[in-house]
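If you want the building blocks of each chain, they are given just below.
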Amino acid sequence: MADWAKLVDLKDIGEGMTAVTLDGRGYVVAVIEDEYVCFDALCPHRQASLIDGFLEENVVTCPLHGWRFDLQSKGKEIHGYRSLRTYETRVENGTILIKMENDL
Ligand code: FES
């Protein structure tokens with residue numbers, strides 16, 4: 001079972017990547033082809049901050065060791081390393097909502 005949670009107002013989203021905190025947990029929202037993709041703020045390798053990484057098209061690259069995550073393939077690391085957790089989003093009344101799974 002999953003619930004939708006208010007993450008951030010659209011007016012607070014910039015180009016590229018935006019850091020967001022919800023209930024003490026960090027997320028990043030990336031704008032890719034006019035879609036909003038949400039993912040964990042910390043790299044699944046050694047917890048580097050991905051907001052300091054590089055976004056090129058649909059791939060975010062970790063600034064520390066260069067793991068590359070395909071945001072249009074559910075955060076799959078392109079060399080087969082651990083995936084980055086991504087979250088389903090939807091927009092409602094000018095706000096981005098994310099789908100929260102029960103294990104959070
Ligand atoms: S901490 Fe991100 S690749 Fe190592």
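The preceding data block contains the structure.
Cut-offs used in this document
Residues numbered from 1 in each chain as written. Predicted model: local features only at pLDDT ≥ 70, side-chain atom pairs only at ≥ 80, totals over all residues. Heavy atoms only, no water. Core = buried A, V, L, I, M, F, W, Y, C linked by side-chain atoms within 4.5 Å. Buried < 20%, exposed > 50% of the residue type's maximum accessible area, 1.4 Å probe, protein only. Helix = DSSP H or I, 4+ residues; strand = E, 2+ residues; numbered from the N terminus. Contact = heavy atoms within 4.5 Å.

### Details of the nonpolar core
In step 1: By size, the foremost hydrophobic cluster in this structure holds 16 residues, and its most contacted members are Phe 39, Leu 50, Val 60, Phe 69, Leu 71 and Leu 84.
In step 2: Secondary-structure elements contributing two or more residues to this core are β3 (25-32) and β4 (35-40).
In step 3: The element that contributes the greatest number of residues to this core is β3, accounting for three residues.
In step 4: Once residues within four sequence positions are removed from consideration, Leu 50 is found in contact with Met 17, Phe 39, Asp 40, Ala 41, Leu 42, Cys 43, Val 60, Cys 62, Pro 63, Phe 69 and Leu 84.

### Some details on the environment of Met 17
In step 1: With respect to the helices, strands and loops of the structure, Met 17 is situated in strand β2 (residues 17-22).
In step 2: Separated by 35 residues in the primary sequence, Met 17 and Asp 52 have C-alpha atoms spaced 9.3 Å apart.
In step 3: Residues within four places of Met 17 in sequence aside, it is in contact with Val 28, Val 29, Ala 30, Phe 39, Leu 50, Ile 51, Gly 53, Phe 54, Leu 55 and Val 60.

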